[in-house]
Structure formats: structure tokens, C-alpha cells
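# Structure at a glance
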Amino acid sequence: MKNEGPFMLEWLVYHRLIGFNDFIVFTNDCTDGTEMMAERLDEMGLIRHLPNPSIFNRGKGGHHWAAMRYVNAMQRPRRSDWHANFDIDEFWCIHVGDGTLEALFNAMPEAEVISACQFDFGTNGIDRFDPDKLQMEQFTQSIYRTNRELGVDRRRGLKSLVHRDTPIKAVGNHIPVIEPETEVRHYNGNGVRVPNDLLQTGEKSFTQSTMGLDMVQLNHYALRAADNFFVKVDRGNANHHVERQEMVRHWARYFDKYEHNDVKDTAIQRHIPAVKEGITELLKDPELGALYKASVAWHLDAADGLREQRNYVHLMKRMNDIREKRTTEAAKAAEAQHGINTATTE
């Protein structure tokens, strides 16, 4: 994590609520108080906070890879009943039963690896950061559920739950690295077993033939509001450096990739009351409450400052152009579908 203070508590409370009970959190180079919040949560016994080893090894691979190398030197993941590696903008959204990990595991009793596809949520047209609302409240418009609707066989990124009996060679960022010529019961988000060679080749994403969202999906809030996206741009890419002169072009492409508001999805919202209650309880801790408040203020000030800078004015224009293009495309698709339905009825 880097500069994720306002979003850390929602992510933590939600995932504790659905059944995750041991968190190893890495941070690096934070200026918004994220590291201090993580330290306090560690002292409260809710997470294990570690500085990302990338801070000692600058320029050799990205922050993700440094953390993964460190994790693979630890015994904790392999001793856990299940383990998973996922980012702070990713939320495991389980559709079966009461929406918990236990319900998911009961629905797939044979599974050794369960790979959920990223399900991208756009900005909903929201520009300003509102710290009084949860991400799962504000961002309800998502990418189409199938690539057939999207019109292109897009690769959907994966994150995986891995059972401790799985014969893994290494903990992976997307899927585990398994021992050669090993048969593993690997299931997708529909509860359908997928070919074993996808594990053997280290597949990081699924396409239409292997993806599924019916039982579990990975809600991906990569953008949040435009303000939050600006702060994300300012902190930089986690795995590679972006040259200053390429900043607008690079991040406009990123925005174009994730700014999908095609359909409404509110499945995760059944957990909102419990998540709000959990956050309220955490904020009763005076030290954590003060750190959280200061982090929110930092983000509001940072967004105000960035919005006035020339590069970000240009980026915002590109973002609005992308939004307008998507709106036009959606209107044409709806008109075409209406024509098909009318022809069918006639």
C-alpha cells in the first residue's frame, strides 16, 4: 500500500467480516499517514504491518515483486487453511449463501484453488472525493459481466484463494506456482473446474471461455472518483517508472481501460450496515481516529492542489473525452438492442 489511508478501514473491516482473519500488509513511501495507521492496526492485533522490502532495493523490480519474494520466504501463508494475495482496491464479493468465505468453500468442496476474476468498477461520473461514503456505496456501475456483451474477449485479471494442501512451489501474485506435472483442482468464479495447464503456464487472467462471476467476483475499484485517481497518478505506478512527458498519455490509457460504467452491480451492498458499524468501532480508538482524520484531510488537500496543475487539467480533459465516448457507445448499443427486440416482437 502507498497513500491508501482513507480506504484502508473499509477494506479491512469488509474482509474480516466475510472471513479473512490474518492480514500481512506491506506499505512503502507513504506521505498520507497510511504507514502510521497500519502500525496502529498492528498494535491493535488486527493486521501484521511490514515495510515493503522494495524500500531497501530501489530500482530492482517493482513493489509487488519485492513483497512477493519476501512472502515466499515466510511460512505463514503455507500454514494457513487458505491464503490469498490481493490489493487494497480489490474486494472479494461472494454471491453464494451469506456472502462469506465459509459459504464459498462449502459451495466448492473439492476446490484446491479458486480464482476470481477482477470485476472493474468505473467512476460513476463522480469527480470529487467524498470520504463520508464507502466505495461500495458510491461506485455501483461496472464493466459488462460477459465479454460477449463487451464485444471483445477481454482478459480479466485473477486473484486466487489457495488451500494449504495444494502442492505449490511458490505463492503467486495472481495464481500459485505449482510443482511441475502436478494435478490441482482449480475452479473459476462459476464453480467450474478449469484446465490444469492454466496453472502450469502461470496464467494471470481468464477470457470468456474460462471466466466466471456467478459464485464469486473480485470487485475492482481501480479509479474511484477523479480526485482519487489524480492522487493515484501522483504517487506513481507500483511496478515501473512513468516518464514525466508520458504521464498524461500513460494514465489516460489506464483510465480508458478501467472506466466502465456499463451495468449496475450492487451485490456487495448487503454488507454495508455491518461494514459501517465495524469502521465506527475502529474509529473509537483515539489514535487510529486521529490518524484516519489526518489522512482524509491530506487526500482532500492533495486533490485540490493537483486539480490546478497543467498536466492534470490535460488529463481531466482526456478523461472526460473517454467518458463521452463511452456514453455514446452505450447509447448506440442500447438503440441497436432496441431495434433487435422490436424486430423480434414484430
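Report on the accompanying structure. (Residues numbered from 1 in each chain as written. Predicted model: local features only at pLDDT ≥ 70, side-chain atom pairs only at ≥ 80, totals over all residues. Heavy atoms only, no water.)

### Points about the overall build of the chain
The secondary structure content of the chain amounts to 13 helices and 13 strands. Relative to a compact globule of 346 residues, whose C-alpha radius of gyration would be 20 Å, the chain shows 21 Å and is just as compact. If one aligns the C-alpha atoms of the chain with their principal axes, the spans along those axes are about 65 × 50 × 40 Å. Residue burial in the chain is summarised as follows: out of 346 residues, 50% are buried. In the chain, the share of contacts with a sequence separation of at least 24, taken over all contacts with a separation of at least 6, comes to 76%. Surface accessibility of the chain: about 16800 Å² in total, with carbon and sulfur atoms responsible for 49%. Between the centroid of the 43 positive side chains of the chain and the centroid of its 51 negative side chains there is a distance of 4 Å. (Helix = DSSP H or I, 4+ residues; strand = E, 2+ residues; numbered from the N terminus. Rg over C-alpha atoms; globule rule 2.2 N^0.38 Å. Buried < 20%, exposed > 50% of the residue type's maximum accessible area, 1.4 Å probe, protein only. Contact = heavy atoms within 4.5 Å. Areas by Shrake-Rupley, 256 points an atom, 1.4 Å probe, with all protein chains shown as cover. Lys, Arg positive; Asp, Glu negative; His and termini not counted. Charge placed at Lys NZ, Arg CZ, Asp CG, Glu CD.)

### Some thoughts on helix α2 (residues 34-43)
Inspection of α2 places Thr34, Met37, Ala38, Arg40 and Leu41 among the buried residues, and these make up the whole buried set. One side of α2 carries all its buried residues, which in axial view fall inside an arc of 160°. Just downstream of α2, Gly45 is the residue with a positive phi angle, here 80°. (Arc of directions from axis to C-beta.)

### What about the packing of helix α1 (residues 5-18) against helix α11 (residues 272-282)?
At their nearest, the axes of α1 and α11 sit 9 Å apart, and the two run at 120° to each other. Taken together, the axis directions place α1 and α11 in an arrangement best described as oblique. Between α1 and α11 lies a crossing whose hand is right-handed. Across the interface between the two elements, Leu9, Glu10, Val13, Tyr14 and Leu17 from α1 touch Ala274, Val275, Gly278, Ile279 and Leu282 from α11. The residue makeup of the contact of α1 with α11, split by class, is eight nonpolar, one polar and one charged. (Axes fitted to C-alpha atoms, helices over the stretch in contact; angles between N-to-C directions. Parallel < 35°, antiparallel > 145°, perpendicular 65-115°, else oblique. Left-handed = near helix turned anticlockwise from the far one by under 90°. Nonpolar A, V, L, I, M, F, W, Y, C, P; charged D, E, K, R; others polar.)

### Considering unusual backbone geometry
One non-glycine residue with positive phi stands out, namely Asp29, at about 55°. Position of Asp29 relative to the elements: it lies in the loop between β1 (24-27) and α2. Positive phi is not limited to glycine here, since Glu181 has a value of about 55°. Within the secondary structure, Glu181 sits in the loop between β9 (177-178) and β10 (186-187). You can call Glu181 exposed: its relative accessible area is 81%.

### What to know about the packing of α1 against α2
How two helices sit against one another is set out by the angle between their axes and by the gap between those axes. Contact geometry of α1 with α2 gives a least axis separation of 9 Å together with a crossing angle of 30°. In this structure, α1 meets α2 at a crossing whose hand is right-handed. When α1 is examined against α2, the residues Gly5, Met8, Leu9 and Leu12 are found in contact with a partner set consisting of Thr34, Met37, Ala38 and Leu41. A class-by-class count of the residues in the contact of α1 with α2 yields six nonpolar, two polar and no charged.

### Describing the packing of aromatic side chains
Scanning all chains against the criterion turns up 18 aromatic pairs. Between the aromatic rings of Trp82 and Phe105, the centroid separation amounts to 4.1 Å while the plane-to-plane angle is 5°, which identifies the pairing as stacked. Here Trp82 is found in strand β3 (residues 82-84), whereas its partner Phe105 is found in helix α5 (residues 101-107), with 23 residues between them in sequence. The exposure classification of Trp82 matches that of Phe105, with both residues buried. (Phe/Tyr/Trp six-rings, centres within 6.5 Å; stacked < 30°, edge-to-face > 60°.)

### Structural notes on empty space enclosed by the protein
Using the criterion set out here, one finds two cavities of 30 Å³ or more in the structure. When its volume is computed, the largest cavity comes out at roughly 70 Å³. Along the walls of the largest cavity sit Asn3, Glu4, Phe7, Ala222, Leu223, Arg224, Asn228, Val231, Lys232, Arg235 and His299, which together make up its complete lining. If you tally residues by element for the lining of the largest cavity, the top one is helix α9 (residues 226-235), at four residues. In this structure, the second largest cavity encloses a volume near 50 Å³. Considering the residues around the second largest cavity, the lining is formed by His83, Ala84, Asn85, Ser160, Val162, Val171, Gly172, Asn173, His174, Ile175 and Pro176. Secondary-structure elements contributing two or more residues to the lining of the second largest cavity are β3 and β7 (156-163). (1 Å grid on protein atoms, 1.4 Å probe; cavity = no way out; pocket = protein on both sides within 12 Å on 5 of 7 lines; lining within 4 Å. Points joined across faces, edges and corners; volume = space filled by probe spheres on them.)

### A word on the nonpolar core
Formed by 77 residues in total, the largest nonpolar core has its most connected members in Trp11, Trp92, Ile114, Met136 and Leu161. With eight residues, α1 is the single largest residue contributor to this core. Sequence-distant contacts of Ile114, that is, excluding residues within four places in its chain, are made with Trp82, Trp92, Leu104, Phe105, Met108, Lys159, Ser160, Leu161, Tyr187 and Val216. (Core = buried A, V, L, I, M, F, W, Y, C linked by side-chain atoms within 4.5 Å.)

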